[in-house]
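# Architecture at a glance
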Amino acid sequence: MNLPNKITMLRILLIPFFVFFMLTDQIPYSRYIAVSIFIIASLTDTLDGYLARKYNLVSNFGKFVDPLADKLLVCSALVCFVALPENPMPAWGVIVIISRDFIISGFRLVASDAGVVIAAGWWGKIKTVVQMLMSVLLIVDFDGEIINLVEYIFIYAAILLTVISLVDYLWKNREVLNDGNM
């Protein structure tokens, strides 16, 4: 396993720690610990991609697991938001985002069976960045009218980009579904 893939696996290993600190109120400053873990995990996404491209370490494993690690991290945060008493994220938005991730994961499995590995597209990357920024804002949960407005803008931008990236992904890779096996 090369270094970028190890960094991707680290992102996955950080998720249970993030969830623990996000959902506990028994530890002082647990939300700040949670947001620190989330930010570190999010930054590993940039680092592993940079290293993979710079040192020509792009692998099929990385193309598959890297976007999966992003989905696991963001979906973990979304589920935590729904579990919080103040629930900053509408449940229907969480359902839209998680549904998109299931659809794309299933699509990737179909492509993989056909011997095709599909890397994340630009819309998906932008969506991930917006979802991660939204998550940071919602984890910290600062109070104030302007902050609340910014949080809502990020929530609805994340949901909109989720739908746009799904349509873009399916359209660009539609030939995978037209292989005659479905």
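Use the structure listed above.
Residues numbered from 1 in each chain as written. Predicted model: local features only at pLDDT ≥ 70, side-chain atom pairs only at ≥ 80, totals over all residues. Heavy atoms only, no water.

### Re the overall build of the protein
Regarding its fold elements, the protein presents six helices and zero strands. N-terminal to C-terminal, the α/β element order of the protein is α-α-α-α-α-α. For 182 residues, the compact-globule estimate of 2.2 N^0.38 gives 16 Å, and the C-alpha radius of gyration of the protein, at 17 Å, lies within 12% of that figure. The burial tally for the protein puts 42% of its 182 residues in the buried class. With the model as given, the accessible surface of the protein reaches about 10,200 Å², and the carbon-plus-sulfur share is 70%. (Helix = DSSP H or I, 4+ residues; strand = E, 2+ residues; numbered from the N terminus. Rg over C-alpha atoms; globule rule 2.2 N^0.38 Å. Buried < 20%, exposed > 50% of the residue type's maximum accessible area, 1.4 Å probe, protein only. Areas by Shrake-Rupley, 256 points an atom, 1.4 Å probe, with all protein chains shown as cover.)

### As for the pattern of salt bridges
Counting across every chain of the model gives seven salt bridges. For Arg-11, the salt bridge goes to Asp-45, with nearest N and O atoms at 3.6 Å. Of this pair, Arg-11 sits in helix H1 (residues 3–23) while Asp-45 sits in helix H2 (residues 30–54); the two residues are 34 residues apart in sequence, bridging distant segments of the chain. Accessibility assignment for this pair places Arg-11 and Asp-45 in one class, buried. Here Arg-100 makes a salt bridge to Asp-101, at a shortest N to O gap of 3.4 Å. For Arg-100, a relative accessible area of 5% translates into the label buried. Each member of the salt-bridge network shares a partner with another, and the members are Arg-11, Asp-45, Asp-48, Asp-66 and Asp-70. (Salt bridge = Lys/Arg side-chain N within 4 Å of Asp/Glu carboxyl O.)

### Quick word on H2
Here H2 is 25 residues long and its end C-alpha atoms lie 36 Å apart, about the 36 Å a rise of 1.5 Å per residue gives. Note on H2: the residue one or two positions beyond its end, Asn-56, has a positive phi of about 55°. (Expected span 1.5 Å × (residues − 1).)

### Re the packing of aromatic side chains
The final tally for this structure, using the stated rule, is five aromatic pairs. Measuring from centroid to centroid gives 6.4 Å for Tyr-29 and Tyr-32, while their planes differ by 50°, and the two rings are tilted. Residues Trp-92 and Tyr-156 carry aromatic rings whose centres are separated by 6.0 Å and whose planes lie at 35° to one another, so their mutual orientation is tilted. Taken as a pair, Trp-92 in helix H4 (residues 91–113) and Tyr-156 in helix H6 (residues 145–172) lie far apart in primary sequence, 64 residues in all. Residue classification places Trp-92 among the partly exposed positions, given a relative accessible area of 46%. Exposure remark for Tyr-156: the relative accessible area of 41% places this residue in the partly exposed category. The residue whose ring lies beneath Lys-125 is Trp-122, and the NZ or CZ to ring-centre distance is 5.0 Å. The ring of Trp-171 has Arg-174 lying over it, and the distance from NZ or CZ to the ring centre is 3.8 Å. (Phe/Tyr/Trp six-rings, centres within 6.5 Å; stacked < 30°, edge-to-face > 60°. Lys NZ or Arg CZ within 6 Å of the ring centre and 35° of its normal.)

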